[in-house]
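What follows is the residue order along each chain.
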Amino acid sequence: MSLQSYAFEPGRTLARKYEVVSQIGSGWEGEVYMLAEKATGIERAAKFFYPKRNPGNKTSISYAKKLHKLRHCEVIIHYHTQETIQFQGKPVTFLVSDFVEGELLEDFCQRQHRKRLDFFEGLHLLYALAKGVEEIHAMGEYHGDIHSENIFVQRRGLTFDIKLIDLYHWSGASRTEAIQDDVCNLVRVFYDSIGGAKYYAKMPQEAKDICCGLRRSLILKKFRSAGQLRRYLDDLYWN
């Protein structure tokens, strides 16, 4: 049977130099853990790929190269190194990156009044996301899986400090289609963060003009990239 979970227990030593602190998340490609370097105590994040999702290490290598290419983008976590361990008699590859302090956007929104952001705070969030993803798109790349469980909120004030995690490679889609998916997902994150369908009808027209009823064709007619979305927000006219 194919591997379903690693379920590493806290305190377990991996690759002779890391100690498992806790599991952070899991997804289609694998699982993410917080590790501590045994020699220094410095906390790191590590993504462990399921062997069936990483044949010949192609997925992990592609992921590492993409992180390295985007290393100057402020919203992307910094990649450090690749490691391999034996698990149930099979080699398992994991990538070590900076550990991101903060809170998942989904959890952050759940702590707010009425479990959502107000419209203006949602706009600040969207602007920070669009500005960050704009850097990625300007390099001809894409994130591929933008949603509230892949966004870390590090700080909020006049604006948001955020990090995006868990890049995804769409093998069956063109780069243009993947960039367009990013844009639609940014709008969806905004829509969900301000309350989704429950509150949408009462939202200002400016919010509806951004969300376009979540109709992909209408969103992409207005915003072909994150940069266009950011510029639209910069020039937003208030009635």
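Here the structure is a predicted model, which means the values were calculated and not measured. (Residues numbered from 1 in each chain as written. Predicted model: local features only at pLDDT ≥ 70, side-chain atom pairs only at ≥ 80, totals over all residues. Heavy atoms only, no water.)

Undergrad: Explain helix α3 (residues 119-138) to me, please; I cannot follow it from the model alone.
TA: In an α-helix, one full turn covers 3.6 residues, which means residues spaced three or four apart are oriented alike. Relative to the 28 Å expected for 20 residues at 1.5 Å per residue, α3 spans 28 Å between its end C-alpha atoms, a close match to the ideal helical length. Across the 20 residues of α3, 14 count as buried, placing the element largely inside the fold. For α3, the N-terminal cap is aspartate 118; the gap from its side-chain oxygen to the backbone nitrogen of phenylalanine 120 is 3.2 Å. Following α3 by one or two positions, glycine 140 adopts a phi angle in the positive range, close to 75°. (Helix = DSSP H or I, 4+ residues; strand = E, 2+ residues; numbered from the N terminus. Expected span 1.5 Å × (residues − 1). Buried < 20%, exposed > 50% of the residue type's maximum accessible area, 1.4 Å probe, protein only. Polar contact = N/O pair within 3.5 Å; in protein donor to acceptor, adjacent residues only side chain to side chain.)

Undergrad: Can you walk me through the state of the cysteines in this structure?
TA: Note: disulfide means a covalent bond formed between the sulfur atoms of two cysteine side chains. For the structure on display, the rule yields 0 disulfides. Summary of cysteine pairing: cysteine 184 is not part of a disulfide, and the nearest cysteine sulfur, belonging to cysteine 212, is at 9.3 Å. Free of any disulfide, cysteine 211 has its nearest cysteine sulfur in cysteine 212, 7.6 Å distant. (Disulfide = S-S within 2.5 Å.)

Undergrad: Quick question: what am I supposed to make of the packing of aromatic side chains here?
TA: Under the criterion given, the structure shown has 18 aromatic pairs. Ring plane angle 15° and centroid distance 5.3 Å describe the contact between tyrosine 6 and phenylalanine 8, whose orientation is recorded as stacked. Ring geometry for phenylalanine 49 against tyrosine 63: centres 5.9 Å apart, planes inclined by 75°, an arrangement best described as edge-to-face. Taken together, the positions of phenylalanine 49 in strand β4 (residues 43-49) and tyrosine 63 in helix α1 (residues 58-69) put the pair 14 residues apart, joining distant regions of the chain. Assigned by exposure class, phenylalanine 49 and tyrosine 63 land together as buried. Taken together, the ring pairs in this structure connect Tyr6, Phe8, Tyr18, Tyr33, Phe48, Tyr50, Phe87 and Phe94 into an aromatic cluster. (Phe/Tyr/Trp six-rings, centres within 6.5 Å; stacked < 30°, edge-to-face > 60°.)

Undergrad: Explain the sheet that holds strand β9 (residues 160-164) to me, please; I cannot follow it from the model alone.
TA: Hydrogen bonds along the backbone pair up the strands of a sheet, which may run parallel or antiparallel. If you trace the 3 strands from one edge of the open sheet to the other, you get β7-β8-β9, paired in antiparallel fashion. Sheet topology places β7 (103-104) and β9 at the edges, where each strand pairs with a single neighbour. Contacts from α3 reach β8 (151-156) and β9 within the one sheet, and its direction differs from that of β9 by about 45°. (Pairing = 2+ DSSP bridges. Contact = heavy atoms within 4.5 Å. Axes fitted to C-alpha atoms, helices over the stretch in contact; angles between N-to-C directions.)

Undergrad: How should the sheet that holds strand β3 (residues 30-37) be read in this particular structure?
TA: Within the open sheet, the 6 strands sit side by side as β1-β2-β3-β4-β6-β5. Their pairing is antiparallel. Pairing within the sheet leaves two strands with one partner each, and these edge strands are β1 (13-14) and β5 (79-87). Across 8 bridges, the pairing between β5 and strand β6 (residues 90-98) is antiparallel. Within the sheet, the bridge partner assigned to glutamate 83 lies in β6 and is phenylalanine 94. Sitting on the sheet, α1 touches β4, β5 and β6, and the angle it makes with β6 is about 10°.

Undergrad: For this particular structure, what's the right way to read α1?
TA: Over its 12 residues, α1 runs 16 Å from end to end, which matches the ideal 16 Å to within 8%, given 1.5 Å per residue. All of the buried residues in α1 are Ser60, Tyr63, Ala64, Lys66 and Leu67. Here the buried residues of α1 occupy an arc of 165° about the axis, which is enough to place them on one side. Exposed residues pointing more than 90 degrees away from the buried face of α1 are listed as Lys58 and Lys65. Contacts from the buried residues of α1 go to β4, β5 and β6. (Arc of directions from axis to C-beta.)

Undergrad: Can you walk me through the packing of α3 against helix α8 (residues 226-234) in this structure?
TA: Helix-helix packing is described using two parameters, namely the angle between the two axes and the distance between the axes. The N-to-C vectors of α3 and α8 enclose an angle of 145°; their axes lie 7 Å apart at closest approach. Pair α3 / α8 crosses with left-handed handedness. From α3, Leu123, Leu126, Tyr127, Ala130, Lys131, Val133, Glu134 and His137 reach across to α8, where they touch Ala226, Gly227, Leu229, Arg230, Arg231, Leu233 and Asp234. (Left-handed = near helix turned anticlockwise from the far one by under 90°.)

Undergrad: Please explain the pairing of β8 as it appears in this structure.
TA: As a general feature of sheets, a regular strand has side chains that alternate between the two faces. With 2 bridges joining them, β7 and β8 adopt antiparallel strand pairing. Bridging from a neighbouring strand, leucine 104 pairs with phenylalanine 152 of β8. Taken together, the 5 bridges between β8 and β9 define a ladder with antiparallel strand orientation. Bridging across to β9, phenylalanine 152 finds its partner in lysine 163. Hairpin connection from β8 to β9: 3 residues lie between these consecutive antiparallel strands.

Geometric values such as these leave the question of function open.
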